[in-house]
Amino acid sequence: MDQLFIPKKVSICEVAPRDGFQAEHTWIPTDKKLEIIRLLARTGVQSIELTSFVHPKAIPQLKDAEIVTAHALQTEELQGIKFRSLVPNVKGAQRSIDAGIRKLKLMLSATDSHSISNANCGVEEAQNALEPIINLAVKHNVEVGGSISVIFGCPYEGLVPLRKIIPIMDRYRAMGIKEISLADTTGMGNPYQVYNYLGVLKEQYPEVTFSMHFHNTRGMAFANAVAALQQGVTNFDSSIAGLGGCPYAPGASGNIATEDLVHSFHEMGIETGIKLDDAILAAKKVNEMLGKKEKSSYMLQAGPNSQLSKRPDKQQKLESVN
Ligand code: ZN
């Protein structure tokens, strides 16, 4: 039997400031957002999805996108970190470019039902609206990547067959997009499916760089990450303290927690460039700052493998047995 494929290193993009914050109903003051972003920078993470330039009425939590961006770009300790933003439309793209972000991520759903609930139109119409955003990015020499939400499963339609994904990929390629984030938005994908879908996509689109955005809604995120590794995909999103949720299942877990992903990869001998201790510390602080009482990741619950317990004293053990 072949060996498991273990790359030397992977790249992780921290998405808490966008995916995590947008799921928080209580307003997080801008200063607090920036403090969290500085905590994230201290973990050594190299890229951060900083915010989303959506209409303030759609997601009031991110209405300070411009201010957050301006401060982040000026903060000394954040220099060298690659920021990207999520943009839903041309207006958002223009705002993001004006704010100084050099990389945009496009939004697109794999199914009509999810697209209608998210973008108020079906997939095809949503795709038509991407072209002007891409043109704008190209004009300003700003990088632009695509994304496909609910790629493995849709909360309205269930399993999303691969044949639905191919035309979406073709359209992205026709528009010149070379980097695509595949998002298991509601944590419905399983490792077998991830492995199979990626096998086909990698073969049909060898020039595309894929990155994986796994939510841990049903505990399958890390298994899915390992399945993606087996197809040579080494770019992953994660969120500190597992911040973020699932709008279709209140109380369910959100993105895979950064500290859990880092710990699991490190245990497998895979470098992430992220300092695990600092990530665990950041997760603790972020939960405190947001008033969260539950220990929202395995690292916060159990600690890393390296944190050993005191060996039992033989005599004491015997006494406690009796
Ligand atoms: Zn997400």
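See the structure shown above.
Being a predicted model, the structure only gives us computed values, none of them experimental.

Trainee: Is there a simple way to think about the overall build of the protein chain in this case?
Mentor: Tallying secondary structure elements over the protein chain gives 14 helices and 10 strands in all. In terms of overall dimensions, the protein chain is globule-like: its C-alpha atoms have a radius of gyration of 20 Å, near the 20 Å expected for 322 residues. Overall size of the protein chain, expressed as C-alpha extent along the three principal axes, is 75 × 50 × 35 Å. Burial status across the protein chain gives 52% buried among its 322 residues.

Trainee: Help me understand the packing of helix 9 (residues 191–204) against helix 10 (residues 221–229), please; the structure alone is not making it clear to me.
Mentor: Two packed helices can be described by the angle between their axes and the distance between those axes. At a minimum axis separation of 8 Å, helix 9 and helix 10 run at an interaxial angle of 30°. Here helix 9 is positioned roughly parallel relative to helix 10, judged by the angle of their axes. Regarding helix 9 and helix 10, the two cross each other, and that crossing is right-handed. Within the contact between the two elements, helix 9 uses Pro191, Val194, Tyr195 and Leu198 and helix 10 uses Ala223, Asn224, Ala227 and Ala228. Considered class by class, the residues forming the contact of helix 9 with helix 10 number seven nonpolar, one polar and no charged.

Trainee: Quick question: what am I supposed to make of the nonpolar core here?
Mentor: Among soluble globular proteins, nonpolar side chains are generally buried collectively. Counting 94 residues, the largest nonpolar core has Ile148, Tyr172, Leu201, Phe210, Met212 and Phe236 as its most contacted members. Residue contacts for Tyr172: discarding those within four places in its chain leaves Leu106, Leu108, Leu130, Gly146, Ser147, Ile148, Ile177 and Ile180.

Trainee: Explain the packing of aromatic side chains here, please?
Mentor: Two numbers describe a pair of aromatic rings. These are the distance of the centres and the angle of the planes. Going through the model one piece at a time under the given rule, you end up with four aromatic pairs. Judged by centre distance (5.5 Å) and plane angle (50°), the rings of Phe152 and Tyr197 are tilted. A residue pair is termed long-range when its members are at least 10 positions apart, and Phe152 in the loop between strand 5 (143–148) and strand 6 (153–154) and Tyr197 in helix 9 qualify at 45 residues. Owing to a relative accessible area of 8%, Tyr197 belongs among the buried residues under this scheme. Their ring planes at 20° and their centres at 6.4 Å tell us that Phe152 and Phe214 sit as a pair that is stacked. Here the residue Phe152 occupies a position in the loop between strand 5 and strand 6, and Phe214 occupies one in strand 9 (residues 209–214), the gap between them amounting to 62 residues. Grouped by ring-pair contacts, the aromatic residues Phe152, Tyr197 and Phe214 constitute a single cluster. The ring centre of Trp27 lies 4.9 Å from the NZ or CZ of Lys63, which sits over that ring.

Trainee: I would appreciate a short explanation of the coordination of the zinc ion in the present structure.
Mentor: Octahedral metal centres with six donors ideally show angles of 90 or 180 degrees, and tetrahedral centres with four donors ideally show 109.5 degrees. Distances from the zinc ion to its protein donors, Asp19 (OD), His213 (NE2) and His215 (NE2), fall within 2.0 to 2.1 Å. All donors of the zinc ion come from a single chain, and their spacing in sequence reads D-x193-H-x1-H. One end of the pair, Asp19, is in helix 1 (residues 16–22); the other, His213, is in strand 9, with 194 residues separating them in the sequence. For the pair Asp19 and His213, a shared accessibility class is recorded, and that class is buried.

Trainee: Looking at this structure, how should I read the pairing of strand 8 (residues 179–184)?
Mentor: A regular strand places its side chains on the two faces of the sheet in alternate fashion. In terms of burial, strand 8 is largely enclosed, as five of its six residues are buried. Across three bridges, strand 5 lies against strand 8 in parallel orientation. In the strand pairing of strand 8, Gly146 is matched with Ile180. Regarding the hand of the β-α-β motif, the stretch spanning strand 8, helix 9 and strand 9 is right-handed.

Trainee: Got a minute to help me understand the environment of Lys164 in this structure?
Mentor: Within the secondary structure, Lys164 sits in helix 8 (residues 162–174). Considering only alpha carbons, one finds Lys164 and Ile28, 136 residues apart in sequence, at a separation of 38 Å. A polar side-chain atom of Lys164 sits 3.1 Å from a polar atom in the side chain of Glu157.

What counts, and where the lines are drawn
Residues numbered from 1 in each chain as written. Predicted model: local features only at pLDDT ≥ 70, side-chain atom pairs only at ≥ 80, totals over all residues. Heavy atoms only, no water. Helix = DSSP H or I, 4+ residues; strand = E, 2+ residues; numbered from the N terminus. Rg over C-alpha atoms; globule rule 2.2 N^0.38 Å. Buried < 20%, exposed > 50% of the residue type's maximum accessible area, 1.4 Å probe, protein only. Axes fitted to C-alpha atoms, helices over the stretch in contact; angles between N-to-C directions. Parallel < 35°, antiparallel > 145°, perpendicular 65-115°, else oblique. Left-handed = near helix turned anticlockwise from the far one by under 90°. Contact = heavy atoms within 4.5 Å. Nonpolar A, V, L, I, M, F, W, Y, C, P; charged D, E, K, R; others polar. Core = buried A, V, L, I, M, F, W, Y, C linked by side-chain atoms within 4.5 Å. Phe/Tyr/Trp six-rings, centres within 6.5 Å; stacked < 30°, edge-to-face > 60°. Lys NZ or Arg CZ within 6 Å of the ring centre and 35° of its normal. Donors = N, O, S within 2.8 Å, 3.2 Å for Na, K, Ca; no water. Pairing = 2+ DSSP bridges. Right-handed = clockwise from strand over helix to strand, strands pointing away. Polar contact = N/O pair within 3.5 Å; in protein donor to acceptor, adjacent residues only side chain to side chain.

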